[in-house]
Amino acid sequence: MIKLSIVIPCFNEDKNIFFLFEKIERLLANNNSVEIIIVDNGSTDYTHQKIVNSKLFKEKKINFLKIKKNIGYGHGIMTGVNVASGNYIGWCHADLQTEPIDVLNAYTKNLNTIENELCVIKGLRKNRNFFDSMFTFGMSLFASIIFLKKINDINAQPKIFPKTFLNYFKEYPKDFSLDLYFLVMAKINNYKTINYNVIMKKRLYGQAKGGGTLKGKINLIKRTFIYIIKLRIKLWNL
């Protein structure tokens, strides 16, 4: 019986696939109640070839989904979430700054709480540089003021939730706003948010798809602020 499904979207991560799959293989060797769902989110490099040539794929130890064209981070994650068979579902990125084992550890450590209370689990990133921390603080503060709810470290991984929580995912965003939407839906539906400390690791290869560069961070700030306002207005009108 699958208890935990872990969704990992991959977009142009061909240089990280080998290292990611090494860690997945070790995780699965000791946990037969965990399902791994890999989503190739419209990659244009060799990500697809690396996945289908892997031992995990050939031995059918992972559930693999291929999206032909990337239409957003949120769409990639939810494509995997919507086929998950676990009672609990989590997601993390393929860049290994947060690892699949972090998802399992966060779930295991808080298992008693998540089974007996209405709650979700989110990462709380440690070992970050000052600039990134201030950038995150600013976005969290703005969101908290607008929604009148305490919201912190919006884009931190992992995110974990009971499958029944999907009842609130009616009109989720298909871009990087999905993490914010997740937290807001939890808050307004009276789900307790459990923070789980994760040590941020250095990305081995490639570039962050969201706010990896200064330009990327500025664009992410703009998109996030606009989405916060739109979501707030939408919630007012319900």
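Data block above holds the structure.
These lines cover the structure that appears in this document, whether it is placed above or below. (Residues numbered from 1 in each chain as written. Predicted model: local features only at pLDDT ≥ 70, side-chain atom pairs only at ≥ 80, totals over all residues. Heavy atoms only, no water.)

**Focus on the packing of aromatic side chains**
Part 1 of the argument: Here the structure, examined in full by the defined rule, presents 17 aromatic pairs.
Part 2 of the argument: Here Phe57 and Phe64 contribute two aromatic rings whose centre-to-centre distance is 5.8 Å and whose plane-to-plane angle is 85°, an arrangement assigned as edge-to-face.
Part 3 of the argument: Taking 5.5 Å as the distance between ring centres and 70° as the angle between the ring planes, the aromatic pair formed by Phe165 and Phe169 counts as edge-to-face.
Part 4 of the argument: Phe169 sits in the buried class, given a relative accessible area of 7%.
Part 5 of the argument: Here a set of aromatic residues connected by ring pairs shows up, and it is made of Trp91, Phe161, Phe165, Tyr168, Phe169, Tyr181, Phe182 and Tyr191. (Phe/Tyr/Trp six-rings, centres within 6.5 Å; stacked < 30°, edge-to-face > 60°. Buried < 20%, exposed > 50% of the residue type's maximum accessible area, 1.4 Å probe, protein only.)

**With respect to the pattern of salt bridges**
Part 1 of the argument: Summed over all chains, the structure comprises eleven salt bridges.
Part 2 of the argument: In this structure, Lys201 and Asp102 form a salt bridge, with 3.8 Å as the shortest nitrogen-oxygen distance. With a gap of 99 residues between them, Lys201 in the loop between strand S7 (192-199) and helix H9 (214-236) and Asp102 in helix H5 (residues 100-109) connect regions that are remote in the sequence.
Part 3 of the argument: By relative accessible area, which is 30% here, Lys201 ends up partly exposed.
Part 4 of the argument: Between Lys234 and Glu171 there is a salt bridge whose closest N-O contact spans 2.3 Å. With a gap of 63 residues between them, Lys234 in helix H9 and Glu171 in the loop between strand S6 (159-162) and helix H8 (178-188) connect regions that are remote in the sequence.
Part 5 of the argument: In this structure Glu171 comes out as exposed when scored by relative accessible area, which is 53%. (Salt bridge = Lys/Arg side-chain N within 4 Å of Asp/Glu carboxyl O. Helix = DSSP H or I, 4+ residues; strand = E, 2+ residues; numbered from the N terminus.)

**Considerations on the sheet that holds strand S4 (residues 88-91)**
Sheet strands pair via backbone hydrogen bonds, and the direction of the pair is either parallel or antiparallel.
Part 1 of the argument: Taking strand neighbours across the sheet as the criterion, the seven strands line up as S3-S2-S1-S4-S6-S5-S7 in an open arrangement whose pairing is mixed. Pairing within the sheet leaves two strands with one partner each, and these edge strands are strand S3 (63-67) and S7. Neighbour to neighbour, the strand axes of the sheet diverge by 20° on average, direction disregarded.
Part 2 of the argument: Of the strand pairs in this sheet, strand S1 (residues 4-10) and strand S2 (residues 34-41) are connected by seven bridges, and their pairing is parallel. Paired with Ser5 across the bridge in S2 is Glu35.
Part 3 of the argument: In the packing of H8 onto the sheet, the strands contacted are S4, strand S5 (119-126), S6 and S7, and the crossing angle to S6 comes to about 40°. (Pairing = 2+ DSSP bridges. Axes fitted to C-alpha atoms, helices over the stretch in contact; angles between N-to-C directions. Contact = heavy atoms within 4.5 Å.)

**With respect to a nonpolar patch on the surface**
Part 1 of the argument: The grouping of Phe130, Met134, Phe137, Leu141 and Ile145 at the surface amounts to a nonpolar patch, some 560 Å² of accessible area in total.
Part 2 of the argument: As for its position among the elements, Ile145 is in helix H7 (residues 130-147).
Part 3 of the argument: According to the relative accessible area criterion, Ile145 is exposed, its value standing at 53%. (Patch = residues over 30% accessible without salt bridge, like charges linked within 9 Å, V, L, I, M, F, W, Y side chains within 5 Å. Areas by Shrake-Rupley, 256 points an atom, 1.4 Å probe, with all protein chains shown as cover.)

**Brief notes about the side chain of Asp153**
Part 1 of the argument: Among the structural elements, Asp153 can be located in the loop between H7 and S6.
Part 2 of the argument: You can call Asp153 buried: its relative accessible area is 5%.
Part 3 of the argument: With near-sequence residues (within four places) excluded, Asp153 lies in contact with Lys122, Gly123, Leu124, Arg125, Arg128, Thr136 and Ser140.

**Concerning the packing of helix H1 (residues 17-29) against H5**
Part 1 of the argument: It is at 9 Å that the axes of H1 and H5 come closest, and there the two elements cross at 35°. From H1, Leu20, Ile24 and Leu27 reach across to H5, where they touch Pro100, Ile101 and Leu104.

**Structural notes on the pairing of S4**
Part 1 of the argument: Of the two faces of S4, the one carrying Tyr88 and Gly90 and the one carrying Ile89 and Trp91 are both buried.
Part 2 of the argument: Two strands pair when backbone bridges link them, and S1 and S4 are joined in this way by four bridges, in the parallel orientation. Opposite Ile6, over in S4, you have Gly90 as the bridge partner.
Part 3 of the argument: Where S4 lies against S6, four bridges are found, and the strand directions are antiparallel. Paired with Tyr88 across the two strands is Pro162, which belongs to S6.

**A look at the side chain of Glu99**
Part 1 of the argument: Position of Glu99 among the secondary structure elements: in the loop between S4 and H5.
Part 2 of the argument: Among the polar contacts made by the side chain of Glu99, one reaches the side chain of Lys23 at a distance of 3.4 Å.
Part 3 of the argument: In this view, Glu99 contacts Lys23, Cys92 and Lys201; residues no more than four positions away in its chain are not counted. (Polar contact = N/O pair within 3.5 Å; in protein donor to acceptor, adjacent residues only side chain to side chain.)

**A look at the nonpolar core**
One recurring pattern in soluble globular proteins: nonpolar side chains tend to sit buried together.
Part 1 of the argument: The biggest cluster of nonpolar side chains holds 37 residues, and the ones touching the most others in it are Val81, Trp91, Phe161 and Phe165.
Part 2 of the argument: Sort the elements by how many residues they give to this core and H8 lands first, with eight residues.
Part 3 of the argument: Filtering out sequence-adjacent residues up to four positions away, Trp91 remains in contact with Val7, Tyr73, Ile77, Val81, Val103, Gln157, Pro158, Lys159, Phe161, Leu178, Asp179 and Phe182.
Part 4 of the argument: Core analysis: the second largest hydrophobic core is formed by 32 residues, Phe21, Ile24, Leu28 and Tyr196 among them. (Core = buried A, V, L, I, M, F, W, Y, C linked by side-chain atoms within 4.5 Å.)

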